[in-house]
Amino acid sequence: QGKRERRGTITLFSERDKAQIQRNANIEQALRLADFERELSVFFQPIVRLDDCQPIGFEALARWHSASKGAVAPIEFIPAAERMGIINQLSVILLKKALQAAATWPPSLRLSFNLSANDINTSEGMAEIVKVITTSGFSPSRLDLEITETAVLQDLEKSRRLVSALRELGCGITLDDFGTGYASLSHLHALPLTRIKIDKSFVADIEHNEVSYKIVKSLLALTHDMELACVVEGVETPQHLQRLRELGATHGQGYLFAMPLASDQVQTWLQSQAT
Ligand code: C2E
Ligand code: MG
Ligand code: MG
Ligand code: MG
């Protein structure tokens, strides 16, 4: 069970596959009916310096409260919107909302925003993103755009060119989920990156698993040698923090510091950190 069998050209799906297919169809249907301006919102999770735990900025994380389905997680609705070819439309709405909120923050704080494959692989999609940024009044030099290796790999040459345009605007470019993709180191070289984010899966068992510890250690050494900034995701415990400090990691993000916050909670959180 749970394993797909192939007989000739007929594919037999397990009950679990069927449930997933049904769920995907439901999400797509709900997306078709959604009023994105109303139903989408953006939460913000601090990115902090690991020495004093003070924030350098926030990552925008999409939240969808569907009128028909209630809360749907981004790992479900973002891929669904990508399959439906409507992700760029969502990115535009989310980026506008994120920039609007970030405009009220102290100017020393940066905004990080996740782009999708379609945003960085099509000239039309990228033009929409650039338009939102340049008309927002928010300084592109305070903005970091997060891209994933999987997105880049769909068309390396094209995404390299389009992402370079963002870099030329003054935005930072972060490679997200680093270590989980098809990590060919040559991509690091080909892209105009300013920062990488080490995926939370490596941090989860850093205390108990020697291999994870060594992977984080070598990823940190690599980014250091390439003169890239680095953020470590998924810092959940004081033990994680201690290990990461020992390894010389400088920036992190995770539940230990804060959960993703609604935009109206950001000021209160900042005040609580300052005291
Ligand atoms: P991501 O960009 O790698 O974001 C980090 C995810 O880890 C977020 O999940 C965040 O809430 C979660 N997280 C933060 N701290 C911790 C921790 O200490 N432990 C653990 N286990 N998890 C932690 P979230 O918000 O559910 O987003 C999931 C993914 O959905 C994101 O991964 C990103 O790939 C995608 N996503 C979210 N918002 C957007 C968006 O606006 N646009 C696009 N294209 N993708 C988005
Ligand atoms: Mg991200
Ligand atoms: Mg990530
Ligand atoms: Mg991730």
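All residue numbers refer to positions counted from 1 along the written sequence of the respective chain. The naming scheme follows written order: chains are lettered A onward, ligands numbered 1 onward. Whole-chain, interface and lining totals are the exception, using all residues; otherwise, since this is a predicted model, local features are given only for residues with pLDDT of at least 70 and side-chain atom pairs are given and counted only at 80 or more. Side-chain metrics in this entry use all non-hydrogen atoms of the structure; hydrogen atoms and water are not considered.

With respect to the overall build of the protein
Counted only if it meets this: Secondary structure follows DSSP: runs of H or I at least 4 residues long count as helices, runs of E at least 2 residues long count as strands, and numbering of each begins at the N terminus. When we talk radius of gyration, it's over C-alpha atoms, and the globule rule is simply 2.2 Å times the number of residues to the 0.38. Each residue gets one of three labels from its accessible area relative to the maximum for its type: buried under 20%, exposed over 50%, partly exposed in between, using a 1.4 Å probe on protein chains only. Note on contacts: a residue pair is in contact if any heavy atoms of the two residues lie within 4.5 Å.
Helix and strand content of the protein: 13 helices and 12 strands. Taking 2.2 N^0.38 as the reference for a compact globule, 275 residues should give roughly 19 Å; the C-alpha atoms of the protein span a radius of gyration of 20 Å, in line with that estimate. By its C-alpha atoms, the protein is 60 × 45 × 40 Å across when sized along the principal axes. When each of the 275 residues of the protein is scored for burial, the buried share is 45%. Excluding contacts between residues fewer than 6 apart, the proportion of contacts in the protein whose partners are at least 24 apart in sequence is 68%.

Concerning helix H8 (residues 156-169)
This is how it is decided: In this analysis, the expected span of each helix is defined as 1.5 Å times one less than the number of residues it contains.
The terminal C-alpha atoms of H8, which comprises 14 residues, lie 20 Å apart, in line with the 20 Å expected from a rise of 1.5 Å per residue. Three or more residues of H8 are buried, namely Ser159, Leu162, Val163, Ser164 and Leu166. As for H8, its buried residues are in contact with helix H5 (117-121), helix H6 (123-136), strand S7 (143-148), helix H7 (149-153) and strand S8 (172-178). Just downstream of H8 lies glycine 170, where phi reads positive at about 115°.

Here's the deal with the packing of helix H4 (residues 87-102) against H6
What counts is decided by this rule: Lines fitted to C-alpha atoms define the axes here, with helix axes fitted over just the stretch in contact, and angles between the N-to-C directions of these axes take values from 0 to 180 degrees. When an angle is under 35 degrees it counts as roughly parallel; over 145 it counts as roughly antiparallel; between 65 and 115 it counts as roughly perpendicular; any other value is oblique. By definition, any crossing whose near helix is turned counterclockwise from its far helix by less than a right angle is left-handed, and any crossing with a clockwise turn is right-handed. Gly counts as polar in this scheme, as do all residues outside two lists: the nonpolar Ala, Val, Leu, Ile, Met, Phe, Trp, Tyr, Cys and Pro, and the charged Asp, Glu, Lys and Arg.
Running from amino to carboxyl end, H4 crosses H6 at an angle of 15°, the nearest separation of the two axes being 10 Å. The pairing of H4 with H6 is recorded here as roughly parallel in orientation. The two elements H4 and H6 meet at a crossing, and its hand is right-handed. Two secondary-structure elements touch here, H4 through Asn88, Ser91, Val92, Leu95, Lys96 and Leu99 and H6 through Gly125, Glu128, Ile129, Val132, Ile133 and Ser136. Grouping the constituent residues of the contact of H4 with H6 by class yields six nonpolar, four polar and two charged.

Side note on the nonpolar core
A general tendency of soluble globular proteins is for nonpolar side chains to be buried together. Heads up, the condition is: Residues enter a nonpolar core if they are buried and are Ala, Val, Leu, Ile, Met, Phe, Trp, Tyr or Cys, with the set joined through side-chain atoms within 4.5 Å.
Residues Phe44, Phe58, Trp64, Leu111, Leu145, Ile147 and Leu244 are the most contacted members of the largest nonpolar core, which totals 79 residues. If one sorts the elements of this core by residue count, H4 sits on top with 10 residues.

A short note on the coordination of the magnesium ion (ligand 2)
Rules: Any nitrogen, oxygen or sulfur atom within 2.8 Å of a metal ion counts as a donor, with the limit raised to 3.2 Å for Na, K and Ca, and since water is left out, coordination shells can look unfinished.
Distances from the magnesium ion (ligand 2) to its protein donors, namely Glu59 (OE), Asn114 (OD1), Glu146 (OE) and Asp176 (OD), fall within the range 2.0 to 2.2 Å. If you list the donors of the magnesium ion (ligand 2) from N- to C-terminus, the spacing comes out as E-x54-N-x31-E-x29-D.

Describing H4
If you check H4, its first and last C-alpha atoms are 22 Å apart, about what 16 residues at 1.5 Å a residue would give, namely 22 Å. Along H4, 12 of the 16 residues are buried, which leaves the element largely enclosed by surrounding structure. Along H4, the residues that are buried comprise Ile87, Asn88, Leu90, Ser91, Val92, Ile93, Leu94, Leu95, Ala98, Leu99, Ala101 and Ala102.

Some thoughts on the site of ligand 1
Defined as follows: Near residues are defined by distance, with any heavy atom within 4 Å of the molecule or strand qualifying the residue. Counting of polar contacts relies on pairs of N or O atoms within 3.5 Å, with two restrictions inside protein: one atom must be capable of donating a hydrogen and the other of accepting it, and residues adjacent in sequence are counted only when both atoms are side-chain atoms. Shrake-Rupley sampling with a 1.4 Å probe provides the accessible areas, and residues are treated as covered by the protein chains on show and by no other component. A cavity here means a set of 1 Å grid points, computed over protein atoms only, where a 1.4 Å probe fits but cannot escape. A pocket is an open set with protein on both sides within 12 Å along at least 5 of 7 lines, and lining residues have an atom within 4 Å of a point. Each molecule is checked against the cavity or pocket grid, and it sits inside if more than half of its atoms lie within 2 Å of the grid points.
Of all residues adjacent to ligand 1, which total 22 residues, the nearest are Arg63, Ser116, Asp176, Glu236 and Tyr255. Interatomic distance of 2.9 Å between a side-chain N/O atom of arginine 63 and an oxygen atom of ligand 1. Contacts to ligand 1 include glutamate 233, whose side-chain N or O atom sits 2.9 Å from an oxygen atom. Computed on the free molecule, ligand 1 has an accessible area of 800 Å², of which 84% lies beneath the protein chains in the complex. In this structure the site holding ligand 1 corresponds to the largest pocket. When contributions to the shell around ligand 1 are tallied by element, the ones reaching two or more residues are strand S4 (55-66), helix H3 (74-84) and S8. Broken down by class, the residue content of the shell around ligand 1 amounts to 10 nonpolar, five polar and seven charged.

Let's talk about the pattern of salt bridges
This is how the line gets drawn: Salt-bridge detection follows one rule: a side-chain nitrogen of Lys or Arg within 4 Å of a carboxyl oxygen of Asp or Glu.
Applying the stated criterion across every chain, the model contains 13 salt bridges. In this structure, lysine 18 engages glutamate 15 in a salt bridge whose closest nitrogen and oxygen atoms are separated by 3.2 Å. Taken as a pair, lysine 18 and glutamate 15 lie in helix H1 (residues 15-33) at a separation of three residues, close to a single helical turn. With a relative accessible area of 44%, lysine 18 lands in the partly exposed category. Residue classification places glutamate 15 among the exposed positions, given a relative accessible area of 54%. Of the charged contacts, one joins glutamate 128 and lysine 131 as a salt bridge, the two residues approaching to 3.8 Å between their closest N and O atoms. Taken together, the positions of glutamate 128 and lysine 131, both in helix H6 and three residues apart, correspond to about one turn of that helix. Taking relative accessible area as the criterion, lysine 131 reaches 48% and is therefore assigned partly exposed. Look at the salt bridges and you will find they share partners, linking Glu28, Arg32 and Arg83 into a network.

Interpretation note: all reported values are geometric properties and have no functional meaning in isolation.
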